[in-house]
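Below, each chain spelled out in residue letters.
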Amino acid sequence: MTIREVRVYRVPLETQARYTMSNSTVSTPESTIVEVVDSSGLIGYGEACMASPQFQPAHNGGIRESLSVLAPAVVGLDPTQLGVVNAAMDTAMAGHAEGKAAIDIACWDLMGKKLDLSVVDLLGGSRTAEVHTYHVVGINPPEVSATEAIRLQDEGLTHLQLKAGGRPIDEDIAAIRAVADVLRPETELTVDTNRGWSTAEAIQVSQACADITMSAEQPCATEAELLQLKEHIRHPLVVDENATDLRSIARMISSGLANGFGLKLTRVGGLTKMRAVRDLCMATRTPMSSDDAWGGDIIAAASVALGATLDPHFSRGAWIAHPYHQTHYDESNGPRIEKGFVTLPQGGPGLGLVLEDGQFGDPVAVYSDV
Ligand SMILES: [Mg+2]
(Lines give C-alpha, C1' and ligand atoms only; values in the text may rest on other atoms or scores of the structure.)
Protein backbone atom coordinates (compact mmCIF):
# COMPACT_ATOMS: atom_id res chain seq x y z
CA MET A 1 0.00 0.00 0.00
CA THR A 2 1.55 3.27 -1.11
CA ILE A 3 0.36 6.82 -1.71
CA ARG A 4 -0.24 7.11 -5.44
CA GLU A 5 -1.60 10.62 -5.60
CA VAL A 6 -2.39 13.69 -3.51
CA ARG A 7 -5.17 15.97 -4.81
CA VAL A 8 -5.72 19.47 -3.43
CA TYR A 9 -9.03 21.37 -3.52
CA ARG A 10 -10.08 24.91 -2.61
CA VAL A 11 -13.54 25.13 -1.04
CA PRO A 12 -14.90 28.54 0.12
CA LEU A 13 -17.02 28.29 3.28
CA GLU A 14 -19.71 30.97 3.15
CA THR A 15 -20.47 32.21 6.66
CA GLN A 16 -24.05 32.31 7.90
CA ALA A 17 -23.48 33.73 11.37
CA ARG A 18 -21.26 36.58 12.48
CA TYR A 19 -18.12 35.45 14.31
CA THR A 20 -16.05 38.13 16.00
CA MET A 21 -12.78 38.02 17.88
CA SER A 22 -10.49 40.72 19.18
CA ASN A 23 -9.51 42.81 16.15
CA SER A 24 -11.06 40.53 13.50
CA THR A 25 -14.31 39.24 12.00
CA VAL A 26 -14.50 36.01 9.98
CA SER A 27 -15.80 36.43 6.41
CA THR A 28 -15.60 33.58 3.86
CA PRO A 29 -12.55 31.44 4.55
CA GLU A 30 -11.31 29.16 1.77
CA SER A 31 -10.82 25.67 3.09
CA THR A 32 -8.16 23.37 1.69
CA ILE A 33 -9.19 19.76 1.21
CA VAL A 34 -6.66 17.03 0.53
CA GLU A 35 -7.42 13.63 -0.98
CA VAL A 36 -4.69 11.07 -0.41
CA VAL A 37 -5.20 8.21 -2.89
CA ASP A 38 -3.50 4.86 -2.35
CA SER A 39 -2.34 2.29 -4.91
CA SER A 40 -5.73 0.52 -4.81
CA GLY A 41 -7.67 3.74 -5.45
CA LEU A 42 -8.92 4.14 -1.86
CA ILE A 43 -9.21 7.80 -0.81
CA GLY A 44 -8.48 9.38 2.56
CA TYR A 45 -9.62 12.95 3.28
CA GLY A 46 -7.91 15.74 5.18
CA GLU A 47 -8.67 19.43 5.62
CA ALA A 48 -7.15 22.65 6.93
CA CYS A 49 -8.85 26.04 7.10
CA MET A 50 -7.86 29.25 8.86
CA ALA A 51 -10.64 31.53 10.08
CA SER A 52 -8.84 34.77 9.28
CA PRO A 53 -5.31 35.94 8.54
CA GLN A 54 -5.24 38.06 11.72
CA PHE A 55 -5.99 35.15 14.01
CA GLN A 56 -2.91 33.02 13.42
CA PRO A 57 0.21 33.07 11.28
CA ALA A 58 -1.02 30.58 8.63
CA HIS A 59 -2.92 31.72 5.56
CA ASN A 60 -5.29 29.64 3.42
CA GLY A 61 -3.39 30.39 0.20
CA GLY A 62 -0.15 29.58 1.98
CA ILE A 63 -1.48 26.18 3.08
CA ARG A 64 -2.10 25.17 -0.53
CA GLU A 65 1.34 26.45 -1.52
CA SER A 66 2.98 24.41 1.26
CA LEU A 67 1.36 21.29 -0.20
CA SER A 68 3.45 21.76 -3.35
CA VAL A 69 6.44 20.77 -1.19
CA LEU A 70 4.74 18.40 1.28
CA ALA A 71 2.70 16.27 -1.11
CA PRO A 72 5.60 15.20 -3.37
CA ALA A 73 7.50 14.22 -0.19
CA VAL A 74 4.84 11.65 0.77
CA VAL A 75 3.93 10.22 -2.65
CA GLY A 76 5.24 6.64 -2.77
CA LEU A 77 5.20 6.20 1.04
CA ASP A 78 2.96 3.78 2.94
CA PRO A 79 0.12 5.95 4.36
CA THR A 80 -0.29 3.62 7.36
CA GLN A 81 3.30 4.34 8.45
CA LEU A 82 2.39 7.66 10.00
CA GLY A 83 5.73 8.13 11.73
CA VAL A 84 7.51 7.79 8.39
CA VAL A 85 4.99 10.07 6.63
CA ASN A 86 5.35 12.79 9.29
CA ALA A 87 9.15 12.51 9.33
CA ALA A 88 9.21 12.91 5.54
CA MET A 89 7.08 16.05 5.77
CA ASP A 90 9.18 17.50 8.60
CA THR A 91 12.36 16.80 6.62
CA ALA A 92 10.92 18.39 3.47
CA MET A 93 9.83 21.60 5.15
CA ALA A 94 10.09 23.35 8.52
CA GLY A 95 6.87 24.65 10.04
CA HIS A 96 3.70 24.76 7.92
CA ALA A 97 1.87 22.51 10.38
CA GLU A 98 -1.48 23.15 8.67
CA GLY A 99 -0.57 21.53 5.33
CA LYS A 100 1.10 18.68 7.21
CA ALA A 101 -2.06 18.23 9.28
CA ALA A 102 -4.25 17.94 6.16
CA ILE A 103 -2.06 15.13 4.78
CA ASP A 104 -1.71 13.40 8.15
CA ILE A 105 -5.48 13.41 8.76
CA ALA A 106 -6.09 12.03 5.26
CA CYS A 107 -3.65 9.17 6.01
CA TRP A 108 -5.54 8.32 9.23
CA ASP A 109 -8.83 8.29 7.30
CA LEU A 110 -7.25 6.08 4.64
CA MET A 111 -5.77 3.71 7.23
CA GLY A 112 -9.18 3.37 8.92
CA LYS A 113 -10.86 2.56 5.61
CA LYS A 114 -8.14 0.04 4.80
CA LEU A 115 -8.42 -1.72 8.19
CA ASP A 116 -12.20 -1.23 8.51
CA LEU A 117 -11.75 0.64 11.79
CA SER A 118 -12.77 4.12 12.87
CA VAL A 119 -10.11 6.76 13.47
CA VAL A 120 -11.42 6.91 17.06
CA ASP A 121 -10.59 3.23 17.54
CA LEU A 122 -7.19 3.67 15.91
CA LEU A 123 -6.51 6.51 18.37
CA GLY A 124 -7.23 4.25 21.33
CA GLY A 125 -11.00 4.16 21.51
CA SER A 126 -13.76 6.46 22.66
CA ARG A 127 -13.93 7.50 26.33
CA THR A 128 -17.35 9.09 25.90
CA ALA A 129 -20.53 8.50 23.90
CA GLU A 130 -20.65 12.11 22.74
CA VAL A 131 -18.16 14.94 22.94
CA HIS A 132 -19.18 18.19 24.59
CA THR A 133 -18.62 21.40 22.74
CA TYR A 134 -18.47 25.04 23.70
CA HIS A 135 -20.01 27.99 21.95
CA VAL A 136 -18.58 31.42 21.38
CA VAL A 137 -20.27 34.62 22.55
CA GLY A 138 -18.77 37.28 20.28
CA ILE A 139 -17.63 40.84 20.95
CA ASN A 140 -20.80 42.83 21.59
CA PRO A 141 -22.34 45.31 24.04
CA PRO A 142 -22.86 43.67 27.47
CA GLU A 143 -26.65 43.30 27.16
CA VAL A 144 -26.31 41.62 23.73
CA SER A 145 -23.72 39.17 25.12
CA ALA A 146 -25.96 38.36 28.09
CA THR A 147 -28.96 37.71 25.84
CA GLU A 148 -26.82 35.44 23.67
CA ALA A 149 -25.55 33.56 26.75
CA ILE A 150 -29.14 32.96 27.88
CA ARG A 151 -30.14 31.71 24.43
CA LEU A 152 -27.18 29.30 24.23
CA GLN A 153 -27.87 27.90 27.68
CA ASP A 154 -31.52 27.42 26.67
CA GLU A 155 -30.16 25.34 23.76
CA GLY A 156 -28.37 23.10 26.24
CA LEU A 157 -24.83 24.50 26.10
CA THR A 158 -22.94 24.31 29.37
CA HIS A 159 -19.59 25.66 28.15
CA LEU A 160 -19.46 29.26 26.92
CA GLN A 161 -16.47 31.12 25.59
CA LEU A 162 -16.86 34.88 25.74
CA LYS A 163 -14.60 36.76 23.34
CA ALA A 164 -12.82 39.86 24.61
CA GLY A 165 -10.12 42.31 23.61
CA GLY A 166 -9.74 44.94 20.88
CA ARG A 167 -11.75 47.55 22.82
CA PRO A 168 -11.43 49.46 26.12
CA ILE A 169 -11.19 46.98 29.00
CA ASP A 170 -14.08 48.66 30.82
CA GLU A 171 -16.32 47.34 28.05
CA ASP A 172 -14.80 43.87 28.36
CA ILE A 173 -15.31 43.90 32.13
CA ALA A 174 -18.93 45.01 31.70
CA ALA A 175 -19.54 42.20 29.17
CA ILE A 176 -17.94 39.60 31.48
CA ARG A 177 -20.11 40.79 34.39
CA ALA A 178 -23.28 40.79 32.27
CA VAL A 179 -22.65 37.21 31.10
CA ALA A 180 -21.61 36.02 34.58
CA ASP A 181 -24.91 37.39 35.94
CA VAL A 182 -26.94 35.08 33.68
CA LEU A 183 -24.76 31.97 34.04
CA ARG A 184 -26.48 28.89 35.38
CA PRO A 185 -24.73 26.77 38.01
CA GLU A 186 -23.80 24.05 35.51
CA THR A 187 -22.28 26.45 32.97
CA GLU A 188 -18.53 26.99 32.70
CA LEU A 189 -17.23 30.32 31.41
CA THR A 190 -13.97 30.97 29.61
CA VAL A 191 -12.99 34.48 28.53
CA ASP A 192 -10.92 34.26 25.36
CA THR A 193 -9.01 37.37 24.38
CA ASN A 194 -7.16 35.87 21.40
CA ARG A 195 -3.99 37.76 22.49
CA GLY A 196 -5.83 41.10 22.66
CA TRP A 197 -4.76 42.54 26.04
CA SER A 198 -1.50 43.91 27.34
CA THR A 199 -0.24 42.29 30.55
CA ALA A 200 -1.46 45.32 32.55
CA GLU A 201 -4.92 45.07 31.02
CA ALA A 202 -5.10 41.32 31.66
CA ILE A 203 -4.18 41.85 35.33
CA GLN A 204 -6.73 44.66 35.72
CA VAL A 205 -9.54 42.62 34.16
CA SER A 206 -8.72 39.56 36.23
CA GLN A 207 -8.62 41.55 39.45
CA ALA A 208 -11.84 43.42 38.59
CA CYS A 209 -13.54 40.05 38.00
CA ALA A 210 -11.95 38.22 40.94
CA ASP A 211 -15.37 37.20 42.26
CA ILE A 212 -16.33 35.49 38.98
CA THR A 213 -15.53 31.83 38.35
CA MET A 214 -13.98 31.71 34.89
CA SER A 215 -10.81 30.85 33.01
CA ALA A 216 -8.68 33.36 31.12
CA GLU A 217 -7.74 32.10 27.67
CA GLN A 218 -4.78 33.56 25.82
CA PRO A 219 -5.16 37.06 27.31
CA CYS A 220 -1.84 38.32 25.90
CA ALA A 221 0.17 37.73 22.75
CA THR A 222 3.29 35.89 23.87
CA GLU A 223 4.40 33.20 26.28
CA ALA A 224 6.72 35.75 27.92
CA GLU A 225 3.78 38.07 28.63
CA LEU A 226 1.73 35.18 30.01
CA LEU A 227 4.60 34.29 32.35
CA GLN A 228 4.76 37.90 33.48
CA LEU A 229 1.10 38.09 34.39
CA LYS A 230 0.68 34.56 35.73
CA GLU A 231 1.38 35.34 39.38
CA HIS A 232 -0.88 38.43 39.32
CA ILE A 233 -4.05 37.03 37.85
CA ARG A 234 -6.86 35.44 39.83
CA HIS A 235 -8.08 32.98 37.21
CA PRO A 236 -6.81 29.74 35.70
CA LEU A 237 -4.79 30.44 32.56
CA VAL A 238 -5.63 28.58 29.37
CA VAL A 239 -3.10 28.80 26.54
CA ASP A 240 -4.27 28.60 22.94
CA GLU A 241 -2.29 30.48 20.27
CA ASN A 242 1.11 29.94 21.96
CA ALA A 243 0.59 26.16 22.23
CA THR A 244 2.09 25.23 18.89
CA ASP A 245 3.72 21.84 19.39
CA LEU A 246 4.60 19.13 21.90
CA ARG A 247 7.73 20.99 22.98
CA SER A 248 5.99 24.28 23.80
CA ILE A 249 3.13 22.47 25.51
CA ALA A 250 5.52 20.35 27.62
CA ARG A 251 7.40 23.51 28.63
CA MET A 252 4.23 25.36 29.66
CA ILE A 253 3.01 22.40 31.71
CA SER A 254 6.32 21.90 33.51
CA SER A 255 6.79 25.60 34.23
CA GLY A 256 3.31 25.74 35.76
CA LEU A 257 2.25 28.45 33.30
CA ALA A 258 -0.69 26.66 31.71
CA ASN A 259 -3.70 25.37 33.64
CA GLY A 260 -5.19 24.09 30.41
CA PHE A 261 -4.97 24.34 26.66
CA GLY A 262 -7.14 25.28 23.71
CA LEU A 263 -5.59 23.15 21.00
CA LYS A 264 -6.06 23.07 17.27
CA LEU A 265 -5.29 20.00 15.20
CA THR A 266 -3.93 21.97 12.27
CA ARG A 267 -1.71 24.19 14.40
CA VAL A 268 -0.15 21.17 16.10
CA GLY A 269 0.28 19.37 12.75
CA GLY A 270 -2.41 16.68 12.63
CA LEU A 271 -3.68 13.66 14.52
CA THR A 272 -0.32 11.92 14.92
CA LYS A 273 1.22 14.91 16.70
CA MET A 274 -1.98 15.70 18.60
CA ARG A 275 -2.05 12.13 19.92
CA ALA A 276 1.33 12.72 21.58
CA VAL A 277 0.07 16.03 23.01
CA ARG A 278 -3.06 14.27 24.26
CA ASP A 279 -1.03 11.62 26.05
CA LEU A 280 1.12 14.29 27.73
CA CYS A 281 -1.89 16.37 28.80
CA MET A 282 -3.79 13.36 30.12
CA ALA A 283 -0.70 12.06 31.99
CA THR A 284 -0.26 15.44 33.68
CA ARG A 285 -3.99 15.94 34.26
CA THR A 286 -4.00 19.10 32.17
CA PRO A 287 -7.34 19.87 30.52
CA MET A 288 -7.25 20.39 26.77
CA SER A 289 -9.65 20.87 23.90
CA SER A 290 -9.53 19.31 20.46
CA ASP A 291 -10.64 22.10 18.15
CA ASP A 292 -9.85 23.54 14.88
CA ALA A 293 -9.50 27.07 13.60
CA TRP A 294 -12.39 26.74 11.16
CA GLY A 295 -13.35 24.34 8.36
CA GLY A 296 -15.95 21.82 7.27
CA ASP A 297 -17.02 18.26 8.08
CA ILE A 298 -13.60 16.66 7.53
CA ILE A 299 -11.59 18.68 10.02
CA ALA A 300 -14.60 18.68 12.37
CA ALA A 301 -14.75 14.86 12.25
CA ALA A 302 -11.01 14.65 12.98
CA SER A 303 -11.28 17.10 15.91
CA VAL A 304 -14.24 15.25 17.43
CA ALA A 305 -12.52 11.87 16.90
CA LEU A 306 -9.56 12.92 19.00
CA GLY A 307 -11.87 14.72 21.44
CA ALA A 308 -13.70 11.44 22.05
CA THR A 309 -10.47 9.76 23.16
CA LEU A 310 -9.77 12.32 25.93
CA ASP A 311 -10.42 11.44 29.56
CA PRO A 312 -13.78 13.25 29.98
CA HIS A 313 -12.57 14.71 33.28
CA PHE A 314 -9.75 16.59 31.53
CA SER A 315 -11.54 17.37 28.28
CA ARG A 316 -12.33 20.97 27.39
CA GLY A 317 -14.41 19.62 24.52
CA ALA A 318 -14.24 20.04 20.78
CA TRP A 319 -15.18 23.21 18.95
CA ILE A 320 -16.39 22.89 15.38
CA ALA A 321 -17.25 25.66 12.91
CA HIS A 322 -20.36 23.97 11.54
CA PRO A 323 -22.94 26.40 13.05
CA TYR A 324 -21.20 29.33 11.39
CA HIS A 325 -21.09 28.34 7.73
CA GLN A 326 -23.40 26.69 5.22
CA THR A 327 -21.06 24.42 3.26
CA HIS A 328 -21.47 20.88 4.60
CA TYR A 329 -19.84 17.98 2.80
CA ASP A 330 -21.88 15.13 4.32
CA GLU A 331 -25.34 16.23 5.41
CA SER A 332 -26.22 12.82 6.91
CA ASN A 333 -23.05 11.96 8.83
CA GLY A 334 -21.15 15.23 9.33
CA PRO A 335 -20.60 16.08 13.02
CA ARG A 336 -23.47 18.26 14.26
CA ILE A 337 -24.10 19.93 17.60
CA GLU A 338 -27.16 19.01 19.61
CA LYS A 339 -27.79 20.31 23.11
CA GLY A 340 -24.12 21.10 23.58
CA PHE A 341 -22.80 17.73 22.40
CA VAL A 342 -21.40 16.44 19.13
CA THR A 343 -21.99 12.88 18.01
CA LEU A 344 -19.32 11.03 16.07
CA PRO A 345 -19.95 10.45 12.34
CA GLN A 346 -21.27 6.94 11.72
CA GLY A 347 -21.00 6.70 7.93
CA GLY A 348 -18.32 4.00 7.89
CA PRO A 349 -14.68 3.38 8.83
CA GLY A 350 -12.00 6.08 8.97
CA LEU A 351 -13.43 9.50 9.86
CA GLY A 352 -16.96 8.14 9.36
CA LEU A 353 -17.93 10.47 6.52
CA VAL A 354 -19.44 9.50 3.17
CA LEU A 355 -17.90 11.68 0.47
CA GLU A 356 -18.31 11.29 -3.28
CA ASP A 357 -15.36 11.11 -5.62
CA GLY A 358 -15.42 14.44 -7.47
CA GLN A 359 -17.73 16.31 -5.08
CA PHE A 360 -15.19 19.07 -4.51
CA GLY A 361 -14.93 19.89 -8.23
CA ASP A 362 -11.63 20.11 -10.04
CA PRO A 363 -8.48 19.94 -7.93
CA VAL A 364 -6.30 23.04 -7.89
CA ALA A 365 -3.24 20.75 -7.83
CA VAL A 366 -2.47 17.05 -8.23
CA TYR A 367 0.80 15.43 -7.10
CA SER A 368 1.37 11.87 -8.27
CA ASP A 369 4.03 9.23 -8.82
CA VAL A 370 3.66 9.30 -12.59
MG1 LIG B 1 -8.95 30.43 21.84
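First, a word on scope: everything that follows refers to the structure included in this document. (Residues numbered from 1 in each chain as written. Predicted model: local features only at pLDDT ≥ 70, side-chain atom pairs only at ≥ 80, totals over all residues.)

1. Some details on unusual backbone geometry
Note the cut-off: Strands here are runs of E lasting at least two residues and helices are runs of H or I lasting at least four, both read from the DSSP assignment and numbered beginning at the N terminus.
Its identity as a non-glycine residue notwithstanding, R195 has a phi of 80°, on the positive side. One non-glycine residue, R285, lies in the positive phi region at around 55°. Checked against the element boundaries, R285 lands in the loop between helix 11 (271–283) and helix 12 (297–308).

2. Section: the environment of L226
Under the convention used in this document: The contact criterion used here is simple: two residues whose C-beta atoms, placed from the backbone, lie within 7 Å are in contact.
In this fold, L226 is placed in helix 8 (residues 223–230). Put simply, L226 and D172 are 54 residues apart on the chain and 19 Å apart in space, counted from C-alpha to C-alpha. Every residue in contact with L226, bar those within four places of it in the chain, is listed here: C220, L237, V239, N242 and L257.

3. Structural notes on the nonpolar core
Worth spelling out the cut-off: By convention the nonpolar core is taken to be a set of buried residues drawn from Ala, Val, Leu, Ile, Met, Phe, Trp, Tyr and Cys and joined through C-beta atoms within 7 Å. Around each residue's C-beta, the other C-beta atoms within 10 Å are counted; 20 or more make the residue buried, 12 or fewer make it exposed, and counts in between make it partly exposed. All C-beta atoms are placed from the backbone. An automatic or database domain assignment is the source of the domain bounds shown.
In this structure, V74, I103, A302, V304 and A305 are the most contacted members of the largest nonpolar core, which totals 108 residues. It is helix 3 (residues 97–115) that provides the largest number of residues to this core, a total of ten residues. Both domain 1 (3–117 + 353–368) and domain 2 (122–342) contribute no fewer than three residues apiece to this core. Each residue touching V304, except ones within four places of it in the same chain, is listed here: V131, A318, I320, P335, V342 and L344.

4. Things to note about the sheet that holds strand 13 (residues 337–338)
Applied cut-off: At least two bridges found by DSSP between two strands are what make those strands a pair.
With antiparallel pairing, the three strands of this open sheet are ordered in space as 6-14-13. Of all the strands in the sheet, just strand 6 (131–132) and strand 13 have a single pairing partner and so form its edges. For strand 6 and strand 14 (residues 341–342), the ladder comprises two bridges, and the chain directions are antiparallel. Its bridge partner being in strand 14, H132 is matched across the sheet by F341.

5. Observations regarding the packing of helix 5 (residues 142–154) against helix 6 (residues 169–182)
What counts here: Here the axes come from fitting lines to C-alpha atoms, over the contacting stretch only for helices, and the angles between their N-to-C directions go from 0 to 180 degrees. Roughly parallel means an angle under 35 degrees; roughly antiparallel means over 145; roughly perpendicular covers 65 to 115; every other angle is labelled oblique. Crossing handedness is defined as follows: a turn of the near helix away from the far one that is anticlockwise and smaller than a right angle gives a left-handed crossing, while the clockwise case is right-handed. Ten residue types, Ala, Val, Leu, Ile, Met, Phe, Trp, Tyr, Cys and Pro, are classed as nonpolar, four, Asp, Glu, Lys and Arg, as charged, and the remainder, Gly among them, as polar.
Contact geometry of helix 5 with helix 6 gives a least axis separation of 8 Å together with a crossing angle of 30°. Considering their axes alone, helix 5 and helix 6 lie roughly parallel with respect to each other. The crossing of helix 5 and helix 6 is right-handed. Where helix 5 abuts helix 6, its residues P142, E143, S145, A146, A149 and I150 lie against A174, A175, A178, V179, D181 and V182. Residues that form the contact of helix 5 with helix 6 fall into these classes: nine nonpolar, one polar and two charged.

6. Notes on helix 11
Convention followed: Here a helix's expected span is defined as the number of its residues, less one, multiplied by 1.5 Å. The arc in question is formed by the directions pointing from the helix axis toward the C-beta atoms.
With 13 residues, helix 11 should reach 18 Å at 1.5 Å per residue; the first-to-last C-alpha distance of 18 Å fits that figure. Regarding helix 11, the residues found buried are L271, K273, M274, V277, R278 and C281. Taken end-on, helix 11 shows its buried residues confined to a sector of 150°, consistent with a single buried face. Those residues of helix 11 that are buried lie in contact with helix 3, helix 9 (246–254), strand 12 (260–261), helix 10 (265–268) and helix 12. Downstream of helix 11 by one or two residues, R285 has phi in the positive range, about 55°.

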